[in-house]
Amino acid sequence: MTKQLHPVIPYIEGDGIGTEIWRATQKVIDAAVYSAYQTERKITWLEVLAGQKAFDQTGSWLPKETLAALKKYKLAIKGPLTTPIGEGFRSLNVTLRQELDLYACVRPIRYFKGVPSPLKAPGKTDMTIFRENTEDVYAGIEFASESAEAKQLLDFLTKKLAVTTIRFPATSALGIKPISQEGSQRLITAALDYALEHEKKRVTFVHKGNIMKFTEGGFKNWGYELIKENYPQVFTMDRYKKIAAETGIEKADVALKEAKNLGKIIVDDVIADNFLQQILLYPENYQVVATTNLNGDYISDALAAQVGGIGISPGANINYQTGHAIFEATHGTAPDIAGKGWANPCSLLLSAGMMLDHLGWFEASEKITAAIEKALQSKHVTHDFAQALDTNALSTAEFSDYLINALQKAH
Ligand code: NAI
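Residues numbered from 1 in each chain as written. Predicted model: local features only at pLDDT ≥ 70, side-chain atom pairs only at ≥ 80, totals over all residues. Heavy atoms only, no water.

**Quick word on the packing of helix 1 (residues 18-37) against helix 13 (residues 362-377)**
- Here helix 1 crosses helix 13 at 125°, and the two axes come no closer than 8 Å. Here helix 13 runs oblique to helix 1, going by the angle between their axes. Of the two possible hands of crossing, helix 1 and helix 13 adopt the one that is right-handed. Contacts between helix 1 and helix 13 involve V28, I29, A32, V33, S35, A36 and Y37 on the former and, on the latter, F362, E363, A364, K367 and I368.
- For the contact of helix 1 with helix 13, the class distribution of residues is nine nonpolar, one polar and two charged. (Axes fitted to C-alpha atoms, helices over the stretch in contact; angles between N-to-C directions. Helix = DSSP H or I, 4+ residues; strand = E, 2+ residues; numbered from the N terminus. Parallel < 35°, antiparallel > 145°, perpendicular 65-115°, else oblique. Left-handed = near helix turned anticlockwise from the far one by under 90°. Contact = heavy atoms within 4.5 Å. Nonpolar A, V, L, I, M, F, W, Y, C, P; charged D, E, K, R; others polar.)

**Regarding the sheet that holds strand 10 (residues 265-271)**
- An order of 2-1-3-13-12-4-5-11-8-10-9 is seen for the 11 strands of this open sheet, with the pairing classed as mixed. Looking along the sheet, the strands with just one partner apiece sit at the ends: strand 2 (44-47) and strand 9 (234-236). Neighbour-to-neighbour, the strand axes of this sheet turn through a mean angle of 25°, independent of strand direction.
- Direction of pairing for strand 4 (residues 104-110) relative to strand 5 (residues 126-132): antiparallel, over a ladder of seven bridges. Looking across to strand 5, one finds that V106 is bridged to F130.
- In the packing of helix 4 (residues 92-99) onto the sheet, the strands contacted are strand 1 (8-12), strand 3 (75-78), strand 12 (314-318) and strand 13 (325-329), and the crossing angle to strand 13 comes to about 160°. (Pairing = 2+ DSSP bridges.)

**Brief notes about the pattern of salt bridges**
- Tallied over the entire structure, the rule returns 17 salt bridges.
- Linking K78 and E328 is a salt bridge whose minimum nitrogen-to-oxygen distance equals 3.0 Å. Separated by 250 residues along the polypeptide, K78 in strand 3 and E328 in strand 13 bring together distant segments of the chain. For the pair shown, K78 and E328 are each scored as buried.
- A salt bridge links R110 to E373, with the shortest nitrogen-to-oxygen separation between them at 2.8 Å. Within this pair, whereas R110 is found in strand 4, its partner E373 is found in helix 13, the two being separated by 263 residues in sequence.
- Members of the salt-bridge network, linked through shared partners, are E13, E47 and K53. (Salt bridge = Lys/Arg side-chain N within 4 Å of Asp/Glu carboxyl O. Buried < 20%, exposed > 50% of the residue type's maximum accessible area, 1.4 Å probe, protein only.)

**Some thoughts on unusual backbone geometry**
- Positive phi outside glycine occurs at E146, with the angle close to 70°.
- Counting through the fold element by element, E146 comes out in the loop between strand 6 (142-143) and helix 5 (148-160).
- Since its relative accessible area comes to 49%, E146 is described here as partly exposed.
- Even without being glycine, D390 reaches a positive phi, approximately 55°.
- Examined against the element boundaries, D390 turns out to sit in the loop between helix 14 (383-386) and helix 15 (396-409).
- Judged by relative accessible area, D390 falls into the exposed class, the value being 70%.

**Remarks on the site of the ligand**
- For the ligand, the set of nearby residues contains 18 residues, the closest of which are L81, T83, N93, G332 and A334.
- Here an oxygen atom of the ligand and a backbone polar atom of L81 are 2.8 Å apart.
- Between a nitrogen atom of the ligand and a side-chain N or O atom of H331, the distance comes to 3.1 Å.
- Notes on the ligand: free accessible area 820 Å², of which the protein chains cover 64%.
- Counted by class, the shell around the ligand contains eight nonpolar, seven polar and three charged residues. (Near = heavy atom within 4 Å. Polar contact = N/O pair within 3.5 Å; in protein donor to acceptor, adjacent residues only side chain to side chain. Areas by Shrake-Rupley, 256 points an atom, 1.4 Å probe, with all protein chains shown as cover.)

**Some words on the packing of aromatic side chains**
- A complete count under the given rule lists 10 aromatic pairs for this structure.
- For the ring pair Y37 and W361, a centre distance of 5.9 Å and an interplane angle of 70° mean the geometry is edge-to-face. Residue Y37 is located in helix 1, and its partner W361 is located in the loop between helix 12 (346-359) and helix 13; the two are separated by 324 residues in the primary sequence. There is no split in this pair, since Y37 and W361 are both buried.
- Site record: aromatic cluster; members linked through ring pairs are Y11, W22 and W45.
- Directly above the aromatic system of F112 lies the positively charged group of R110, at a separation of 3.8 Å from the ring centroid.
- Lying over the aromatic face of Y138, R131 brings its terminal NZ or CZ to 5.1 Å of the ring centre. (Phe/Tyr/Trp six-rings, centres within 6.5 Å; stacked < 30°, edge-to-face > 60°. Lys NZ or Arg CZ within 6 Å of the ring centre and 35° of its normal.)

**With respect to the pairing of strand 5**
- Summarising burial for strand 5: six of the seven residues are buried, a large majority.
- Of the strand pairs in this sheet, strand 5 and strand 11 (residues 288-291) are connected by four bridges, and their pairing is parallel. The partner of R131 across the bridge, within strand 11, is T291.

**Some words on helix 11 (residues 293-306)**
- For helix 11, built from 14 residues, the straight-helix expectation of 20 Å at 1.5 Å per residue is met to within 8% by its first-to-last C-alpha distance of 20 Å.
- Those residues of helix 11 that sit buried are N293, N295, G296, I299, S300, L303, A304 and Q306. Projected onto a plane normal to the axis of helix 11, the buried residues spread over an arc of 150° and lie on a single side. (Expected span 1.5 Å × (residues − 1). Arc of directions from axis to C-beta.)

**Some points on the packing of helix 1 against helix 15**
- Contact pair helix 1 / helix 15: the axes reach a minimum separation of 9 Å and the direction vectors enclose 10°. With respect to their mutual orientation, helix 1 and helix 15 come out roughly parallel. Along its contact with helix 1, which presents E20, I21, A24, K27, V28, A31, A32 and S35, the element helix 15 presents T396, S400, D401, L403, I404, L407 and Q408.
- Of the residues contributing to the contact of helix 1 with helix 15, the split by class is eight nonpolar, four polar and three charged.

In structure tokens form, the structure reads like this:
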């Protein structure tokens, strides 16, 4: 796939503002690819249906033809999808991730000069989050208060496992949080390999293992075990603590210094609540983060907000083993502004950039990023940023025309 010069790539336009941002994005990608490689490389776009558009046309929110195409062509890109209410889906996004086993949610978070941010020095935030995407409370194993299932489970817990700590058993809803060794280690492998490939010097496991010792604590411990067995080019703070406990802190400091001099990646772990403080106080200390599903959800949005990029941060859901990947806008369908020409296409555009990087088409990806940087710095922005930057807004279509012009000129 990655060697193809004329790949077929399925796209899901998305609901709400999806149509507008997809139209803008497709034009910019094609222009960037042409500008970088002329006719030598070209994407053939294949529309596949999901969400409201699929339901209206086929009666299914996620037609089986769509899943078949995503499986066949491996890479795909999608706009935001409406979450159908009461149709048997928790969320189409979660279903897609589970169907294709897209276990890594990758969210690069960086600051674009010119974007309004609540921080004094937003440029210090530059990290990539690897969020586990298939386990944790997202497995959807949850039973309503007073349901027959909850009563059965409660019975099992109290009678067979001698659980005595459920404070109000009669009305407790119950949920289950599965976290496995395989699930944790494949995600952590992706984060470590990314750090090695991109010459990053620090990887941090974020977990809540102080309270959930076997699930969140397991995630961290399995990560350290994986490194011990497979990553000689990594020095862990777990090892640092062991050296300190066995032979004193001075020896541990020497070992850490030596590892840094050898250019090794340093891996540490931080409890999730502390991490949310650290990213505000010392964001420059973090480069690559590996975390469980729910933590990753909170952290990705908090970090995106920190750089002002909640509407423009990109994301991809990837299975590095099968090669399946969906690149997507990270925001929702924005029904409040749909059809007004106000939507900012940058989240989908930067996700497209990640897709081009994934294909090895770095020159085209770089052209998109550079054009967005130029637009933001020169205050050529959509409605969402215009007021804060005290400038007139461009419509979604005008914004994409500006980008195309900018990337063609940068030839
Ligand atoms: P939302 O992200 O659609 O909107 C939140 C706010 O941000 C709104 O004021 C909206 O106008 C603004 N906004 C979002 N994207 C924007 C953009 N590109 N440009 C300018 N402004 C933008 O979140 P909300 O309202 O909670 O969800 C609406 C629908 O989207 C729901 O059905 C939800 O389930 C779905 N959703 C889908 C996602 C996906 O497909 N990945 C992710 C999040 C929500």
